[in-house]
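What the coordinates show
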Amino acid sequence: MQKVEQEIDAWRFAKRLERIEEIQKQRELVEAMGRLTNRGGGTTLSGRIIGLLSFFDKEEFTFEEIVEELKISKSSVSTTINHLIETDKIEYITYPGDRKRYFRIKINSRRKFLQDMRRHVEKLQKINRLALELKQDKESRTAKSISAMLESLAFFMEQMDNYEKKFLADEV
């Protein structure tokens with residue numbers, strides 16, 4: 001009987017270790033999202049908050065939990081959360097009898113992300129088209145590069161359209 005209990009304890013310990021490793025990997029993804037968002041022109045903290053709300057198994061976090069998990073000042077978290085709410089990336093819910101707000105990723109954020117991406121790509125296309133029109137030598141190295149960029153951007157837009165039709169048809 002004691003051997004069975006030891007095996008059960010060893011199994012439980014192994015499961016706890018696996019869970020700790022999973023949480024560590026989730027934290028690494030949160031940090032990677034922060035860096036990626038920063039490189040894309042957003043703030044590292046907004047990326048980290050979006051990552052936290054997206055990548056962790058827990059889907060709702062209180063303000064205090066976000067501050068604790070990300071180890072960031074309350075004022076920075078507050079400012080960033082307000083911005084993410086204003087830009088329709090996250091939302092909060094409340095529960096009867098509980099004064100806390102629970103923040104979560106906004107479900108339409110994939111569609112919003114694609115809309116933002118589409119606007120960005122359209123601006124890039126416009127700038128590149130104008131630049132190509134102004135090039136006197138359409139066969140120059142840079143003109144060819146601009147043309148290739150325009151082709152890539154057109155392909156990217158096509159793929160976003162396909163993605164929206166296939167995966168986002170059910171989102172409001």
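In this report, we go over the structure that sits alongside the text. All values derive from a computational prediction rather than experimental measurement.

Looking now at the overall build of the protein. Across its full length, the protein holds six helices and three strands. The order of helices and strands in the protein, counted from the N terminus, is α-α-β-α-α-β-β-α-α. Its C-alpha radius of gyration of 23 Å places the protein more than 25% over the 16 Å reference for a compact globule of 172 residues. Principal-axis analysis of the C-alpha atoms gives the protein an extent of 85 × 45 × 35 Å. A burial count over the protein gives 26% of its 172 residues as buried.

Looking at the secondary structure, you find I50 in helix α2 (residues 44–55). C-alpha separation for the pair I50 and R129, spaced 79 residues apart in sequence, amounts to 34 Å. In contact with I50, other than residues within four places in its own chain, are M33, L84, K89 and I105.

Bringing the side chain of N128 into the picture now. Residue placement: N128 occurs in helix α5 (residues 109–134). Here L124 takes part through its backbone oxygen, which lies 2.7 Å from a polar atom of the side chain of N128. For N128, the contacting residues outside a window of four places in its chain are I146, M149, L150 and L153.

It is the contact of α2 with helix α4 (residues 74–86), at a shortest axis distance of 10 Å, that shows an interaxial angle of 75 degrees. The angle between α2 and α4 falls in the class roughly perpendicular. Residues L45, S46, I49 and I50 of α2 pack against S76, V77, T80, I81 and L84 of α4. Grouping the amino acids of the contact of α2 with α4 by side-chain chemistry returns six nonpolar, three polar and no charged.

Here we take up the nonpolar core. In this structure, I49, L52, I66, L70, V77, I81 and F103 are the most contacted members of the largest nonpolar core, which totals 17 residues. For this core, the secondary structure elements donating two or more residues are α2, α3 (63–70) and α4. Top contributing element to this core by residue count: α2, with five residues. Beyond its immediate sequence surroundings of up to four residues, I66 is in contact with I49, L52, F61, K71, V77, I81 and F103. Core analysis: the next-biggest nonpolar cluster, separate from the first, contains six residues, L114, M157, M160 and L168 among them.

A separate point is the pattern of salt bridges. Summed over all chains, the structure comprises 14 salt bridges. Of the charged contacts in the structure, one is a salt bridge between E18 and K15, with a shortest N-O distance of 3.5 Å. Of the two residues, E18 and K15 are both situated in helix α1 (residues 2–39); the distance of three residues between them amounts to about one turn of the helix. Among the residues examined, K15 registers a relative accessible area of 39% and is labelled partly exposed. The partner of R19 in a salt bridge is D57, and the shortest N-O contact between them spans 3.2 Å. A residue pair is termed long-range when its members are at least 10 positions apart, and R19 in helix α1 and D57 in the loop between α2 and β1 (61–62) qualify at 38 residues. A single network of salt bridges, built from pairs that share partners, joins R19, E22 and D57.

About the cut-offs
- Residues numbered from 1 in each chain as written.
- Predicted model: local features only at pLDDT ≥ 70, side-chain atom pairs only at ≥ 80, totals over all residues.
- Heavy atoms only, no water.
- Helix = DSSP H or I, 4+ residues; strand = E, 2+ residues; numbered from the N terminus.
- Rg over C-alpha atoms; globule rule 2.2 N^0.38 Å.
- Buried < 20%, exposed > 50% of the residue type's maximum accessible area, 1.4 Å probe, protein only.
- Contact = heavy atoms within 4.5 Å.
- Polar contact = N/O pair within 3.5 Å; in protein donor to acceptor, adjacent residues only side chain to side chain.
- Axes fitted to C-alpha atoms, helices over the stretch in contact; angles between N-to-C directions.
- Parallel < 35°, antiparallel > 145°, perpendicular 65-115°, else oblique.
- Nonpolar A, V, L, I, M, F, W, Y, C, P; charged D, E, K, R; others polar.
- Core = buried A, V, L, I, M, F, W, Y, C linked by side-chain atoms within 4.5 Å.
- Salt bridge = Lys/Arg side-chain N within 4 Å of Asp/Glu carboxyl O.

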